Amino acid sequence: MSEPGGTEPQRVPEVHPGEIRKHSFQDYLIRFCFGAGISLGAGLIGLRFGPVVGGIFLGFPAILPASLTLIQKKEGRERAAIDSEGAILGAIALVGFALVAWLLFVRLGIGATLLIALAVWLIIAVALYAAVMATLHREPAPR
């Protein structure tokens, strides 16, 4: 919804710690089992095909399928779709983090590399979020 004067309101991610109590133990158990199952699968793939192949599968957001399923069940398909967009943007930014880490660990050491990689992740994630909000989630112009 546009604010008076035609400007778009600022959309800022929110954190609500009280939401934790709204979910049941079973919801958290489902997330844990999905995460453990995906991690186990990645570990078995790594044992069979080597750590490079297994490591690729460890990059999969382990609890994402369970979380999206629960979100869709409780809050609807649209809310789950919005959360999946955030996961995709974060994963793309994580590729930037991984590339920086891969290029700089040997040259700069762990501390400096992690700080630089974190900054790269943050810049990419915020830029992608801003781009998506500006292009895909704009309100239609009033007639």
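Peer 1: Explain the overall build of the protein residue by residue, including any values.
Peer 2: When helices and strands are tallied, the protein shows five helices and zero strands. Its helices and strands taken in sequence order, the protein reads α-α-α-α-α from the N to the C terminus. Every one of the 143 residues in the protein was classed for burial, and the buried ones make up 17%. For the protein, restricting intrachain contacts to residue pairs at least 6 apart in sequence, the fraction spanning at least 24 positions comes to 52%.

Peer 1: Requested: an account of the pattern of salt bridges, with residues and values cited.
Peer 2: If you walk through the whole model with that rule in mind, you get two salt bridges. Between Glu75 and Arg79 there is a salt bridge, with the nearest N and O atoms lying 3.8 Å from each other. Taking relative accessible area as the criterion, Glu75 reaches 48% and is therefore assigned partly exposed. Arg79 serves as the salt-bridge partner of Asp83, at 3.3 Å between the closest nitrogen and oxygen.

Peer 1: Describe a nonpolar patch on the surface, listing the residues and the values that go with them.
Peer 2: A cluster of nonpolar residues, Phe49, Val52, Val53, Ile56 and Phe57, forms a patch on the protein surface that exposes about 530 Å² of accessible area. With four residues, the top contributor of residues to the nonpolar patch is helix H2 (residues 51–58).

Peer 1: Describe the layout of surface pockets, listing the residues and the values that go with them.
Peer 2: Empty space among the atoms becomes apparent when a probe as large as a water molecule is rolled across them. If you add up the space inside the largest pocket, you get close to 1300 Å³. Looking at the largest pocket, it is lined by 34 residues, and the ones nearest its centre are Pro13, Glu14, Arg79, Ile82 and Asp83. Those elements giving two or more residues to the lining of the largest pocket turn out to be helix H3 (64–75), helix H4 (77–108) and helix H5 (110–135). Ranked by residue count, the leading element in the lining of the largest pocket is H4, at nine residues.

Peer 1: Residues and numbers for the packing of aromatic side chains, please.
Peer 2: Any two aromatic rings considered together are summarised by their centre-to-centre distance and by the angle between their planes. Going through the model one piece at a time under the given rule, you end up with zero aromatic pairs. Directly above the ring of Phe49 sits Arg48, whose terminal nitrogen or CZ lies 5.1 Å from the centroid.

About the criteria used
- Sequence positions are assigned chain by chain, starting from 1 and proceeding in written order.
- Whole-chain, interface and lining totals are the exception, using all residues; otherwise, since this is a predicted model, local features are given only for residues with pLDDT of at least 70 and side-chain atom pairs are given and counted only at 80 or more.
- With hydrogens and water stripped out, all remaining heavy atoms of the structure feed into the side-chain values.
- Counting from the N terminus, the helices are the DSSP runs of H or I reaching at least four residues and the strands are the DSSP runs of E reaching at least two.
- Burial here depends on accessible area, computed with a 1.4 Å probe over protein chains only, as a share of the maximum for the residue type. Under 20% is buried, over 50% is exposed, and the range in between is partly exposed.
- Here, residues are in contact when the closest pair of their heavy atoms is within 4.5 Å.
- By definition here, a salt bridge exists when the distance from a side-chain nitrogen of Lys or Arg to a carboxyl oxygen of Asp or Glu is within 4 Å.
- Patch definition: residues above 30% relative accessible area lacking any salt bridge, with like charges linked at up to 9 Å and the nonpolar side chains Val, Leu, Ile, Met, Phe, Trp and Tyr linked at up to 5 Å.
- Note on areas: Shrake-Rupley with a 1.4 Å probe; residue coverage comes only from the protein chains shown.
- Each cavity reported here is a set of points on a 1 Å grid over the protein atoms alone in which a 1.4 Å probe fits but cannot get out, each pocket an open set with protein on both sides within 12 Å along at least five of seven lines, and each lining residue one with an atom within 4 Å of a point.
- Grid points are joined across faces, edges and corners, and a volume is the space filled by probe spheres set on the points.
- Side-chain rings of Phe, Tyr and Trp (the six-membered ring for Trp) are treated as a pair once their centres are within 6.5 Å; stacked means planes under 30 degrees apart, edge-to-face means over 60, and tilted covers the remaining angles.
- Each ring is checked for a lysine NZ or an arginine CZ that lies within 6 Å of its centre and within 35 degrees of its normal; such an atom marks a charge sitting over the ring.

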